[in-house]
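An overview of the molecular structure
Next come the chains, spelled out residue by residue.
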Amino acid sequence: MSSKLITIGQGAAMTSVANPLHSKGKVMKFIEGTRVITEGELQANNITRYHVTRSYREQIAKGGYYDQLKYIVEPSVEEFLSPGSLDTSGEHDNTVLPGLQHKYAQTGLLLVTDRCASYCRYCFRKRLVGKDSGEIAPDFAHIAQYISDHPEMTNVLLSGGDPFVLSTAKLNKILDYLLPIPHLDSIRLGTKMVAFEPTRFEDSALPAFFQRIQEAGKTAIIVTHFDHIGEISVNAECKIRSLRSQGVQFLNQSVLLAKVNDDPEILAATFAKCHQIGVRPYYLFQARPVKSASHFQVSLRRGLEITRGINRRLSGIHKTFKYIMSHYTGKIEILDLGSDGRVYMRYHQSKTPEKIGRMFSRRHVEAACWLDDLPEE
Ligand code: SF4
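Basis of the calculations
- Residues numbered from 1 in each chain as written.
- Predicted model: local features only at pLDDT ≥ 70, side-chain atom pairs only at ≥ 80, totals over all residues.
- Core = buried A, V, L, I, M, F, W, Y, C linked by C-beta atoms within 7 Å.
- Buried ≥ 20, exposed ≤ 12 C-beta atoms within 10 Å, placed from the backbone.
- Domains from an automatic or database assignment.
- Contact = placed C-beta atoms within 7 Å.
- Helix = DSSP H or I, 4+ residues; strand = E, 2+ residues; numbered from the N terminus.
- Nonpolar A, V, L, I, M, F, W, Y, C, P; charged D, E, K, R; others polar.
- Axes fitted to C-alpha atoms, helices over the stretch in contact; angles between N-to-C directions.
- Parallel < 35°, antiparallel > 145°, perpendicular 65-115°, else oblique.
- Pairing = 2+ DSSP bridges.
- Near = placed C-beta within 6 Å.
- Left-handed = near helix turned anticlockwise from the far one by under 90°.
- Expected span 1.5 Å × (residues − 1).
- Arc of directions from axis to C-beta.

**Regarding the nonpolar core**
Within the largest apolar cluster, 81 residues are counted, with the highest numbers of intra-cluster contacts made by Leu110, Tyr122, Leu256 and Ala287. The residues that make up this core include at least three from each of domain 1 (5-80) and domain 2 (95-373). Among residues more than four places away in sequence, those in contact with Leu110 are Gly99, Leu100, Ala137, Ile143, Val156, Leu157, Leu158 and Ser159.

**Brief notes about the domain arrangement of the chain**
By domain assignment, the chain separates into domain 1 (5-80) and domain 2 (95-373). Between domain 1 and domain 2, the contact holds 25 residues from the first and 24 residues from the second. For the side of domain 1 that touches domain 2, the secondary structure elements donating two or more residues are helix H2 (54-62) and helix H3 (66-73). Ranked by residues supplied to the side of domain 1 that touches domain 2, first place goes to H3 with five residues. Grouping the constituent residues of the side of domain 1 that touches domain 2 by class yields eleven nonpolar, eleven polar and three charged.

**Thoughts on the environment of Arg244**
Position of Arg244 among the secondary structure elements: in helix H8 (residues 234-245). Given 15 C-beta atoms within 10 Å, Arg244 falls into the partly exposed group. When the C-alpha positions of Arg244 and Ile277 are compared, they lie 9.3 Å apart, and in sequence the two are 33 residues distant. When sequence neighbours within four positions are dropped, the list of residues in contact with Arg244 reads Phe250 and Gly278.

**Quick notes on the packing of helix H5 (residues 168-178) against helix H7 (residues 206-215)**
The contact between H5 and H7 brings their axes to 10 Å, and the two run at 10°. Compared by their axis directions, H5 and H7 come out roughly parallel. Listed contacts from H7 to Thr168, Leu171, Asn172 and Leu175 of H5 are Leu206, Phe209, Arg212 and Ile213. Of the residues contributing to the contact of H5 with H7, the split by class is five nonpolar, two polar and one charged.

**Some thoughts on the pairing of strand S3 (residues 33-37)**
Note: strand S2 (residues 26-30) against S3, five bridges, orientation antiparallel. What sits directly across from Lys26, in S3, is Ile37. Hairpin connection from S2 to S3: two residues lie between these consecutive antiparallel strands.

**Topic: the site of the ligand**
Near the ligand the following residues occur: Cys116, Tyr119, Cys120, Cys123, Arg125, Val129, Gly160, Gly161, Asp162 and Lys192. Each residue belonging to the shell around the ligand can be placed in one class, and the counts come to five nonpolar, two polar and three charged.

**What to know about the sheet that holds strand S10 (residues 249-256)**
Ordered by their spatial adjacency, twelve strands build an open sheet running S4-S5-S6-S7-S8-S9-S10-S11-S12-S13-S14-S15, and the pairing between neighbours is mixed. Strands with a single pairing partner mark the edges of an open sheet, and in this sheet they are strand S4 (95-97) and strand S15 (359-363). Relative to S15, strand S14 (residues 342-350) is paired through five bridges, and the arrangement is antiparallel. Within S15, the residue paired with Arg342 across the bridge is Arg363. Packed on one face of the sheet, helix H10 (residues 300-313) meets S10, strand S11 (280-286), strand S12 (322-327), strand S13 (330-337) and S14 and runs near 75° to S13.

**A few points about the packing of helix H4 (residues 140-148) against H5**
Running from N to C, H4 and H5 point in directions that differ by 35°, and their axes come no closer than 9 Å. Remark: the crossing between H4 and H5 carries right-handed chirality. Residues Phe140, Ala141, Ile143 and Ala144 of H4 touch H5, and the partners they reach there are Ile174, Tyr177 and Leu178. Here the contact of H4 with H5 is built from residues that sort into seven nonpolar, no polar and no charged.

**Regarding H10**
With 14 residues, H10 should reach 20 Å at 1.5 Å per residue; the first-to-last C-alpha distance of 20 Å fits that figure. What H10 keeps buried is the set Leu300, Gly303, Ile306, Thr307 and Ile310. An end-on view of H10 places all buried positions within 120° of arc, on one side of the element. Buried residues along H10 sit against S10, helix H9 (264-276), S11, S12, S13 and S14.

**Section: the environment of Thr191**
If you trace the backbone, Thr191 turns up in the loop between strand S8 (186-190) and helix H6 (193-196). The exposure class assigned to Thr191 is buried, which follows from the 25 C-beta atoms found within 10 Å. Counting along the chain gives 31 residues from Thr191 to Ile222, while the straight-line C-alpha distance between them is 7.2 Å. Ignoring sequence-local partners within four residues, the contact set of Thr191 consists of Asp162, Pro163, Phe164, Ile222, Val223, Thr224 and His225.

**So, the pairing of strand S9 (residues 219-224)**
Summarising the sheet, S8 and S9 pair through five bridges and their orientation is parallel. Within the sheet, the bridge partner assigned to Ser186 lies in S9 and is Thr219. The sheet contact formed by S9 and S10 spans four bridges and is parallel. Opposite Ile221, over in S10, you have Gln249 as the bridge partner.

So, in structure tokens, the structure goes:
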């Protein structure tokens with residue numbers, strides 16, 4: 001088997017050359033330096049494939065934040081040491097049909113692809129992104145039938161992977177099944193494409209795609225994924241403004257990531273910029289204890305300090321985000337660490353409707369990053 005030298009770095013495309021010294025492995029460049037790695041080790045440790053678009057590489061290289069943003073897309077040896085699970089929020093248990101999750105009554109989550117324009121090292125769907133996962137929706141007729149039979153489901157989120165890696169023709173085929181369902185009032189598309197490849201939104205077929213959604217009486221919502229102000233390029237801003245003028249609504253979700261954006265100054269600037277361009281921040285996610293990505297987690301104590309710091313820097317109209325842990329039991333808003341040594345939280349969403357809106361607390365443990373790190377007392 002021939003081996004490869006993979007170079008990964010600022011502004012550099014991946015290149016490969018034969019390396020006869022390491023016939024059983026390949027020399028792979030990590031943030032910390034090169035290592036010889038076998039394909040088996042990569043797979044056993046769930047190391048996500050490396051791929052970054054040229055435009056994102058250029059954006060993070062020239063924007064002045066490379067030392068933070070490189071952690072989003074460039075491999076680190078820490079990935080081999082990070083413990084965790086590959087399904088931290090019970091996606092398997094909430095899958096009602098292949099490619100359709102129904103965890104919260106009102107929302108259907110469709111996995112429409114397992115591919116992305118670039119791969120984030122912290123992705124909580126490492127189990128499927130960049131792979132042929134077998135988890136992608138194979139049959140939209142069955143999915144549409146399920147949704148039709150569940151009138152409580154008022155919105156769907158197209159996710160993956162990134163739905164905008166699919167052609168607009170393919171996205172239109174998905175709409176063929178979803179738009180006739182009368183009780184769906186919105187179609188959301190979760191995407192990091194605006195950061196990774198904003199030129200995707202120059203597609204001349206997209207205005208008609210969004211118009212179809214609106215003419216069917218539904219709201220088209222793009223959920224962007226900006227973690228850092230350095231990801232919001234001039235081109236991304238331009239595309240967002242254009243789509244907004246076509247009636248598309250925008251929300252943003254970010255993940256709180258060690259070494260990337262664990263800084264209230266950066267996140268406040270990111271959220272203020274989002275508001276300025278008409279994108280409403282709505283979730284700041286606590287990073288999940290994902291295998292090979294848990295080194296991105298920030299402690300709950302630090303996360304709450306950062307959240308307070310963000311709020312101190314923003315005006316009232318900018319404070320539209322919630323600091324959220326997307327847990328197996330539901331979406332939990334992390335509220336505060338009290339002087340009594342307890343972490344106060346509230347269920348924002350839950351499979352158990354009686355829990356929604358309910359506040360609860362757990363005893364704080366130093367360095368805890370997740371609900372399961374806090375004792376039930
Ligand atoms: S774009 Fe989204 S789905 Fe794809 S790797 Fe990044 S976080 Fe995961």
